[in-house]
Amino acid sequence: VQLQASGGGLVQAGGSLRLSCAASGRTFSSYSMGWFRQAPGKEREFVAAIRWSGGSTYYADSVKGRFTISRDNAKNTVYLQMNSLKPEDTAVYYCAAAQGLILSDIARESRYRYWGQGTLVTVSS
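Residues numbered from 1 in each chain as written. Predicted model: local features only at pLDDT ≥ 70, side-chain atom pairs only at ≥ 80, totals over all residues. Heavy atoms only, no water.

1. Details of the side chain of Arg71
Inclusion rule: Working definition: helices are DSSP H or I runs of at least four residues, strands are E runs of at least two. Numbering for both runs from the N terminus. Relative accessibility thresholds used throughout: buried, under 20% of the residue-type maximum; exposed, over 50%; partly exposed, between the two (1.4 Å probe, protein chains only). Just so you know, the count uses Lys and Arg for positive and Asp and Glu for negative, and it drops His and the chain ends. One speaks of a salt bridge when a side-chain nitrogen belonging to Lys or Arg is within 4 Å of a carboxyl oxygen belonging to Asp or Glu. Nitrogen and oxygen atoms within 3.5 Å of one another constitute a polar contact, given that in protein one can donate a hydrogen and the other can accept it, and given that sequence-neighbouring residues count only through two side-chain atoms. Any two residues having at least one pair of non-hydrogen atoms within 4.5 Å are treated as being in contact.
Looking at the secondary structure, you find Arg71 in strand S7 (residues 67-72). The side chain of Arg71 sits in the buried core without any salt bridge; Asp72 is the nearest counter-charge, 8.3 Å away. Only 2.7 Å separates the side chain of Arg71 from the backbone oxygen of Tyr31, close enough to count as a polar contact. Contact partners of Arg71, with chain neighbours within four places excluded, come to Phe28, Ser29, Tyr31, Ser32, Met33, Ile50, Arg51, Trp52, Gly54, Thr77 and Val78.

Dropping the structure here:
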């Protein structure tokens, strides 16, 4: 699976952005998908994840209620809608794919086998 993230950019605090992650490969629908981010000088952290069926979603506490993850298996694409953005959301955002995730592994980046190249989101105050 190859992943290509896009949609990052510069936005003012309170604004919105939608990130997309396009996947190649016919088995996309069998993968759980996640979004992670890495802010300058910080470690990469979990943001959100969605099961292969789209029936279950998971969020970091810091983005719950503001971000929404979704997927369109027909388009091999996963999205991250980000609303009410804050300066602390500034980071490079990465999409990732994994199979066979158990609940306790959802936020563990080591369990994700495939990674996109990242897209930069900058939120100005």
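2. Some details on the environment of Asn73
With respect to the helices and strands, Asn73 occurs in the loop between S7 and strand S8 (77-82). Apart from residues no more than four positions distant in its own chain, Asn73 is found in contact with Phe28, Ser29 and Trp52.

3. Remarks on the state of the cysteines
The condition is simple: Two cysteine sulfur atoms make up a disulfide if the distance between them is within 2.5 Å.
Counted according to the given criterion, the structure contains 1 disulfide. Note that Cys21 is cross-linked by a disulfide to Cys95, the S-S spacing being 2.1 Å. One disulfide, between Cys21 and Cys95, carries an S-S torsion of 65 degrees and so falls in the right-handed class. Placement of the pair is Cys21 in strand S3 (residues 17-23) and Cys95 in strand S9 (residues 91-98), with a sequence separation of 74 residues.

4. Description of the environment of Gly7
The topology assignment puts Gly7 in the loop between strand S1 (3-6) and strand S2 (9-12). The exposure class of Gly7 is partly exposed, given its relative accessible area of 32%. Separated by 97 residues in sequence, Gly7 and Ser104 place their C-alpha atoms 29 Å apart. If sequence neighbours within four positions are ignored, Gly7 has contacts with Leu17, Arg18, Leu19 and Thr119.

5. Here's the deal with the pattern of salt bridges
With the rule as written, the count across this model stands at 7 salt bridges. A salt bridge links Arg44 to Glu109, with the nearest nitrogen and oxygen atoms 3.0 Å apart. Linking Arg44 in the loop between strand S4 (32-38) and strand S5 (45-50) with Glu109 in the loop between S9 and strand S10 (114-115), this pair joins segments that are 65 residues apart in sequence. The exposure class assigned to Arg44 is partly exposed, which follows from its relative accessible area of 26%. We classify Glu109 as partly exposed; its relative accessible area is 29%. In this structure, Arg66 engages Asp89 in a salt bridge whose closest nitrogen and oxygen atoms are separated by 2.8 Å. Placement of the pair is Arg66 in the loop between strand S6 (57-59) and S7 and Asp89 in the loop between S8 and S9, with a sequence separation of 23 residues. Classification of Arg66 as buried rests on a relative accessible area of 11%. On the basis of relative accessibility, which here comes to 1%, the residue Asp89 falls in the buried class.

These figures capture arrangement, not role.
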